[in-house]
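Chain by chain, the residues run as shown.
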Amino acid sequence: MCSTIARNWTVFGSTQTASISPTTTRVCCSVRTELHAAPLCLSGKYTIPQSVTFLYGDVFRFHTKLTEVILSDQITHIDFEAFAGCTALKTVEGLGSVKFINQNAFENCDLQDTVDLSAACVISDYAFAGNQKLKGIELSDTLISVGGYAFAACKKLTDVKID
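Residues numbered from 1 in each chain as written. Predicted model: local features only at pLDDT ≥ 70, side-chain atom pairs only at ≥ 80, totals over all residues. Heavy atoms only, no water.

Colleague: Outline a negative patch on the surface, supporting the account with residue identities and numerical values.
Modeller: Taken together, the side chains of D116, E138, D141, D159 and D163 make up a negatively charged region of the molecular surface. Relative to the helices and strands, D116 is located in strand 12 (residues 113-116). (Patch = residues over 30% accessible without salt bridge, like charges linked within 9 Å, V, L, I, M, F, W, Y side chains within 5 Å. Areas by Shrake-Rupley, 256 points an atom, 1.4 Å probe, with all protein chains shown as cover. Salt bridge = Lys/Arg side-chain N within 4 Å of Asp/Glu carboxyl O. Lys, Arg positive; Asp, Glu negative; His and termini not counted. Charge placed at Lys NZ, Arg CZ, Asp CG, Glu CD. Helix = DSSP H or I, 4+ residues; strand = E, 2+ residues; numbered from the N terminus.)

Spelled out as structure tokens, the structure:
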């Protein structure tokens, strides 16, 4: 069971609230519009709040029981290794509004089917590497850069659509 403990703290004069899982030292908090970390006990489907626009690095890293994530349509940045090692993560909804996907963001997940990256401007090194069941990606003319090995070891990736 994933229970949490609420804590308050003051940051630059404003009070913030965080939920702290007793099974981890990571803090799940939404400060302004940034999600910094999540309790390791998350499993199954998780919906990111609409107020969040930026996912910090390592926020869900190694959450091996997370199977589906629904991103806020306000999220524009996913930082390094945000979902790296989420080996059960099969589906991420809402990637179609994300502009910047940093290094290793989804490395070694279990993404399947087709991923909509139509709003992406930058897809960094190893961003989706190791998603062996990923079948397709959708890109658009907004794309400026794809980093080295961004889709390395995506053995089933056969469909690349560019609009």
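Following the structure, the description resumes.
Colleague: Could you give an account of the pattern of salt bridges, with specific residues and numbers?
Modeller: Tallied over the entire structure, the rule returns four salt bridges. Here D58 ties to R61 by a salt bridge, and the two come within 3.8 Å at their closest N and O atoms. Two residues, E81 and R61, come together in a salt bridge whose shortest N-O distance is 3.3 Å. Here the residue E81 occupies a position in the loop between strand 9 (77-78) and strand 10 (91-93), and R61 occupies one in the loop between strand 7 (54-55) and strand 8 (66-70), the gap between them amounting to 20 residues. Taking the relative accessible area as the measure of exposure, R61 reaches 27% and is therefore partly exposed. (Buried < 20%, exposed > 50% of the residue type's maximum accessible area, 1.4 Å probe, protein only.)

Colleague: Describe in detail the packing of aromatic side chains, supporting the description with residues and values.
Modeller: Applying the stated criterion to the full structure yields seven aromatic pairs. Centre to centre, the rings of F60 and F83 are 5.0 Å apart; their planes meet at 5°, and the pair counts as stacked. With F60 in the loop between strand 7 and strand 8 and F83 in the loop between strand 9 and strand 10, the pair connects residues that are 23 residues apart, well separated along the chain. For F60, a relative accessible area of 0% gives the class buried. Aromatic pair F106 and F128: ring centres 5.1 Å apart, planes at 10°, arrangement stacked. Taken as a pair, F106 in the loop between strand 11 (100-101) and strand 12 and F128 in the loop between strand 13 (122-123) and strand 14 (134-139) lie far apart in primary sequence, 22 residues in all. Accessibility classification places F106 together with F128 in one group, the buried group. Here a set of aromatic residues connected by ring pairs shows up, and it is made of Y46, F60, F83, F106, F128 and F151. (Phe/Tyr/Trp six-rings, centres within 6.5 Å; stacked < 30°, edge-to-face > 60°.)

Colleague: Requested: an account of the sheet that holds strand 8, with residues and values cited.
Modeller: Taken in spatial order, the three strands of this open sheet run 6-8-10, and their pairing is parallel. In this open sheet, the two edge strands, each paired with only one partner strand, are strand 6 (44-47) and strand 10. Neighbouring strand axes in the sheet, compared pairwise and without regard to direction, differ in orientation by 20° on average. Pairing between strand 8 and strand 10: three bridges, direction parallel. Directly across from I70, in strand 10, lies its bridge partner E93. (Pairing = 2+ DSSP bridges. Axes fitted to C-alpha atoms, helices over the stretch in contact; angles between N-to-C directions.)

Colleague: Could you give an account of the pairing of strand 14, naming the residues involved and the relevant values?
Modeller: Note that strand 12 and strand 14 share four bridges and pair parallel. Each residue of the ladder has a partner; that of D116, found in strand 14, is E138. Pairing geometry for strand 14 and strand 16 (residues 159-162), over four bridges, is parallel. Across the sheet, L139 pairs through a bridge with I162, a residue of strand 16.

Colleague: Let's hear about the sheet that holds strand 16: which residues, and what values?
Modeller: Pairing is parallel in the open sheet, where three strands are placed in the order 12-14-16. The open sheet has two edge strands with one neighbour each: strand 12 and strand 16. Pairs of neighbouring strands in the sheet enclose a mean axial angle of 15°, with direction left out of account.

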